[in-house]
Amino acid sequence: MLRKGNVENDVYEVARSFALRVVRMYKFLVNEKKEFVMSKQVLRSGTSIGANVFEGKNAQSRADFTSKMNIALKEATETGYWLDLLHEVECLDDSLFDSMNDDCNKLIAILTKIVKATKQ
């Protein structure tokens, strides 16, 4: 389903870059902030986005592709929730939160477009 140069291929790269940032943020939260519970949750959901997009590359059908993109969208939304909580309890400063949240919202926007387009 993924073709070079289209939005589905782009979302994989964006999701992968975001996942790498999430992993680095997780390490910071564990090592510097000694935060182990919410950081693990954001690690799981934040890296799951890219995993589902990647699985969608080999989808068996349009419905399967749409399902994988829908799951990725749900994971991105969940990641936004954990980022918000981590910010509220002051584990993430404003700068890091704003940067991560902006990237998460970009992923949500891209995935929303993909899901809407493939449902039509």
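These numbers come from a predicted model, not from an experiment.

About the thresholds
- Residues numbered from 1 in each chain as written.
- Predicted model: local features only at pLDDT ≥ 70, side-chain atom pairs only at ≥ 80, totals over all residues.
- Heavy atoms only, no water.
- Disulfide = S-S within 2.5 Å.
- Salt bridge = Lys/Arg side-chain N within 4 Å of Asp/Glu carboxyl O.
- Helix = DSSP H or I, 4+ residues; strand = E, 2+ residues; numbered from the N terminus.
- Buried < 20%, exposed > 50% of the residue type's maximum accessible area, 1.4 Å probe, protein only.
- pLDDT = per-residue confidence, 0-100.
- Expected span 1.5 Å × (residues − 1).
- Bend = angle between axes of the 7 residues up to and from the residue.
- Axes fitted to C-alpha atoms, helices over the stretch in contact; angles between N-to-C directions.
- Parallel < 35°, antiparallel > 145°, perpendicular 65-115°, else oblique.
- Left-handed = near helix turned anticlockwise from the far one by under 90°.
- Nonpolar A, V, L, I, M, F, W, Y, C, P; charged D, E, K, R; others polar.

## Examining the state of the cysteines
Under the counting rule described, the total for this entry stands at zero disulfides. No disulfide involves C104; its sulfur sits 17 Å from the nearest other cysteine sulfur, which is in C91.

## Details of the pattern of salt bridges
Counting across every chain of the model gives two salt bridges. Taking the shortest distance from any N to any O, the salt bridge between D103 and R21 comes out at 2.4 Å. Taken together, the residues span a long stretch of sequence, with D103 in helix α4 (residues 94-119) and R21 in helix α1 (residues 7-31) at a distance of 82 residues. Given a relative accessible area of 25%, R21 falls into the partly exposed group. Here K68 and E55 are joined by a salt bridge, their closest N and O atoms 3.1 Å apart. Remark: E55 occurs in helix α2 (residues 37-56) and K68 occurs in helix α3 (residues 62-88); sequence separation between them is 13 residues.

## Concerning the confidence of the model for the protein chain
When pLDDT is averaged along the protein chain, the result is 93; 92% of the residues meet or exceed 70. In the model of the protein chain, α1 stands out as the element of lowest mean pLDDT, 92, in contrast to α2, which has the highest, 98.

## Points about α2
If you check α2, its first and last C-alpha atoms are 29 Å apart, about what 20 residues at 1.5 Å a residue would give, namely 28 Å. Along α2, the sharpest change in direction is near 25° and occurs at S48. Turning to α2, its buried residues number three or more, namely M38, S39, V42, L43, S45, G46, S48, I49, G50, N52, V53 and G56.

## Remarks on the packing of α2 against α3
As a packed pair, α2 and α3 sit with axes 8 Å apart at the nearest point and diverge in direction by 160°. Taken as axis vectors, α2 and α3 run roughly antiparallel relative to one another. Classified by chirality, the crossing of α3 by α2 is left-handed. Tallied by class, the residues present in the contact of α2 with α3 amount to 13 nonpolar, eight polar and four charged.

## Here we look at the packing of α3 against α4
Running from N to C, α3 and α4 point in directions that differ by 160°, and their axes come no closer than 9 Å. Classified by the angle between their axes, α3 and α4 sit roughly antiparallel to one another. Handedness of the α3/α4 crossing: left-handed. Taken together, the residues of the contact of α3 with α4 break down into 14 nonpolar, nine polar and four charged.

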